[in-house]
Amino acid sequence: MNDSLLVDVEGLHFSRGEKEIFRGLDLQVPRGKITAIMGPSGTGKTTLLKLIGGQLYPDAGRVRIAGEDVHRLPRRALFRLRRRMGMLFQSGALFSDLSVYENVAFPLRVHTDLPEAMIRDIVLMKLEAVGLRGARALMPSELSGGMLRRVALARAIALDPELILYDEPFVGQDPISMGVLVQLIKTVNQALGLTAVVVSHDIKETLSIADYVYVISDGRVMAHGTPATLDVDDDDRVRQFIHGEPDGPVPFHYPAPDYFTDIMTGRASS
Amino acid sequence: MKRSKIMEFGVGLFMLAGILGLVFLGLRVSGLGNGVGGDTFTLNANFANIGGLKVRSKVTVAGVQVGQVTGIELDPKWYDARVTMAIDSKLEGQLPRDSTAAILTAGLLGEQYVGLSLGGAPDTLKDGDTIRDTQQALVLEELIQQFVSNMVKN
Amino acid sequence: MSDEHARRRGASRRPPVRQVVALGRGTLDMIDALGRAGLFLMLSCLGIPSREGIRLWLRQMHFVGVMSLAIVLVSGLFIGMVLALQGYTILVDFGAEDALGQMVALSLLRELAPVVSALLFAGRAGSALTAEIGLMKATEQLTSMEMIGVDPLRRVIAPRLWAGFVSLPLLTIGFSVVGIWGGYLVGVEWLGVFEGSYWSNMQGSVGFVADIGNGLVKSLVFAMVVTWIAVFQGYDLIPTSEGISRATTRTVVYSSLAILGLDFVLTAMMFGEIG
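So, here's what we can say about the structure. These numbers come from a predicted model, not from an experiment.

### Here we look at the nonpolar core
Membership of the largest hydrophobic core comes to 73 residues, with the highest contact counts inside it found for I180(C) and Y198(C). Once residues within four sequence positions are removed from consideration, I180(C) is found in contact with L25(B), V29(B), V104(C), A105(C), L108(C), Y198(C), W199(C) and M202(C). Counting 38 residues, the second largest nonpolar core, distinct from the first, contains V100(A), L132(A), V151(A) and L184(A).

Printed below as a string of structure tokens:
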């Protein structure tokens, strides 16, 4: 057991219905680093995070966090393990019936018996870290998308987790909030010494903060390395993805019969 | 905090209104508390036929309710109906012994009730006494039958 | 798919076989859904309520019960008034308008109040519950709650279920009371039925347990079924905007069918022997 590894995924198989999403995925997340998992849309990156968080069960293979097999743990132990994890969802996933303050206080109230004054201090501290201490009285519906994600980040770090999982943190953000989020993920990682897993397909932003990158495709790890080595990788598929080329091993066209015969036979369906 | 207080108050009112509604249904609609409040004494009366009389039917004197029917059973000695009534205890020792009881109908199709008519004897009815002189319920079919057979005889 | 294609797929795709296969798949899907729904109900309802749970329940009582009060009471008033008007025109032909109170009260307590309140409740509160829970699912609130280590069945579903169970019987009582008052307004105040006979006929014929009690049992059964359907549809839906709108429709349709079907069964059980 390598002590510097926080998350260790071995031979992961998972399918949804008929569709195989992972067939033998291996990856390692070292402690204290930012590991990025990248890949085209629909490769099951979010599914991977749910598998790591123990919300889905794999068909084969295992996920170990700090040496504990996530999917072998009894329910109570799994919930205890989740206290040590934070997850930032794509949409922020703030509880819409609670204010910003109560959202950040939620994990503290659930998992600790801290007095109200202490909770208040922690919440304000976390909100200050994401720059939204002034917005504590607002309801989630009054926030912009970028602010939602920052509050969600404050909530995710409320219990000072060891591991934080980011699900597509940059999707649909304007350049300014994108910059803010990139900055925040980096600071949180450095200041708190957290381990981070970032799932994304925004190449530029992700490569700028990641220490190590896995590119997954077809249910397997296609390439891995530091951002610098991936940037100069000669593999066609990696190059297409990293440099965002429209056509290549991942074809532009959805599989279809020959264009010419298709047009000439002139049937609407089939 | 203020908003949640108003909400809790609203829910409290809602529950209270529901309970009061149930009380209203019990008292006013099903007439649960309708019996004569307070103390009662028991009188019995045997009827040849009680028609549609039910437990909780009214007992009246001169149209004023003075009690209610508390029990109806078949008297195995005479094979007639024995009706037990709870009467307002203010009337205990006031009703003459030769009072009569009749089963009457409110309106043509209305509910049936027991009407007491007072006699003139000096003795009075006491708790547990039985009224001897009774008049059975009017059963429409029997009435028509009588009428038809009378017509045939004439 | 073209005919040629279908033939190539072999015998298993010929019409009668295909329909039997579809029937079989439908049945299995239904059993699967029922199993999931049953497990869901059990997991949500069990467990000791905490102080926090009671606070959440209160909030849902407000959302589910108090907010449905207006529509239920207004409908009850009008239904009571219509009953009195219709009843009067029929009863007056037999000279039996004194029995109006009895007719209004019995129709309301035994049938109309439980059924109509439940239908209104399904439309007002049931669909809102489905949409709300569905939205929480679509915005990943339920998943994130699980990741924080809180069971959404306990925290989100259970208070809503209990609020529904308690609210609908209370609403049904309100419906009856207002309906009987509406009947009184029309029958006594307007059409001139004698007030004493309106109430005394009612009191003579309405049994507390047989009529009021059974009506409440009905509404309790409806409350459980409607809330269960609404909450489960919300929890089990496909988290897209189309999924939410379909699930909301399903809640109203399934609830209405369940209410009317169960009403027949319950009525046969409760009042079947009373001639």
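Still to come is the rest of the account.
### Some details on the pattern of salt bridges
Scanning the entire structure with this criterion turns up 23 salt bridges over all chains. We note a salt bridge from R84(A) to E162(A), for which the minimum N-O separation is 2.7 Å. Taken together, the residues span a long stretch of sequence, with R84(A) in the loop between α2 (75–83) and β6 (85–88) and E162(A) in the loop between α5 (145–156) and β7 (163–167) at a distance of 78 residues. Residues K90(B) and D88(B) are paired through a salt bridge, measuring 3.9 Å at the closest nitrogen-oxygen approach. For K90(B), a relative accessible area of 66% gives the class exposed.

### Brief notes about the sheet that holds strand β8 (residues 195–200) of chain A
Residues and elements named next belong to chain A. Spatially, the six strands line up as an open sheet ordered β6-β7-β8-β3-β9-β10, and their pairing is mixed. With partners counted over all chains shown, the strands left at the sheet margins are β6 and β10 (220–225), one partner each. Taking the axes of each pair of neighbouring strands and ignoring which way they run, one obtains an average angle of 20° across the sheet. The sheet contact formed by β6 and β7 spans four bridges and is parallel. Residue M85 lies in a different strand from β7, and its bridge partner there is L163. Sitting on the sheet, helix α6 (residues 175–192) is in contact with β3 (34–38), β7 and β8, with an inclination near 140° to β3.

### Overview of the interface of chain C and chain B
Between chain C and chain B, the residue contacts involve 32 residues of the former and 25 residues of the latter. Of the roughly 2,400 Å² buried at the junction of chain C and chain B (both faces included), carbon and sulfur atoms supply 75%. Interface area lost by chain C to chain B is led by L170(C), Q203(C) and F208(C), which between them contribute 23%. Applying the counting rule to chain C against chain B returns zero salt bridges. On the surface where chain C and chain B come into contact, there are one residue pair in polar contact (both at pLDDT 80 or more).

Cut-off values and rules
Residues numbered from 1 in each chain as written. Chains lettered and ligands numbered in written order. Predicted model: local features only at pLDDT ≥ 70, side-chain atom pairs only at ≥ 80, totals over all residues. Heavy atoms only, no water. Core = buried A, V, L, I, M, F, W, Y, C linked by side-chain atoms within 4.5 Å. Buried < 20%, exposed > 50% of the residue type's maximum accessible area, 1.4 Å probe, protein only. Contact = heavy atoms within 4.5 Å. Salt bridge = Lys/Arg side-chain N within 4 Å of Asp/Glu carboxyl O. Helix = DSSP H or I, 4+ residues; strand = E, 2+ residues; numbered from the N terminus. Pairing = 2+ DSSP bridges. Axes fitted to C-alpha atoms, helices over the stretch in contact; angles between N-to-C directions. Buried area = accessible area lost by both parts, 1.4 Å probe. Polar contact = N/O pair within 3.5 Å; in protein donor to acceptor, adjacent residues only side chain to side chain.

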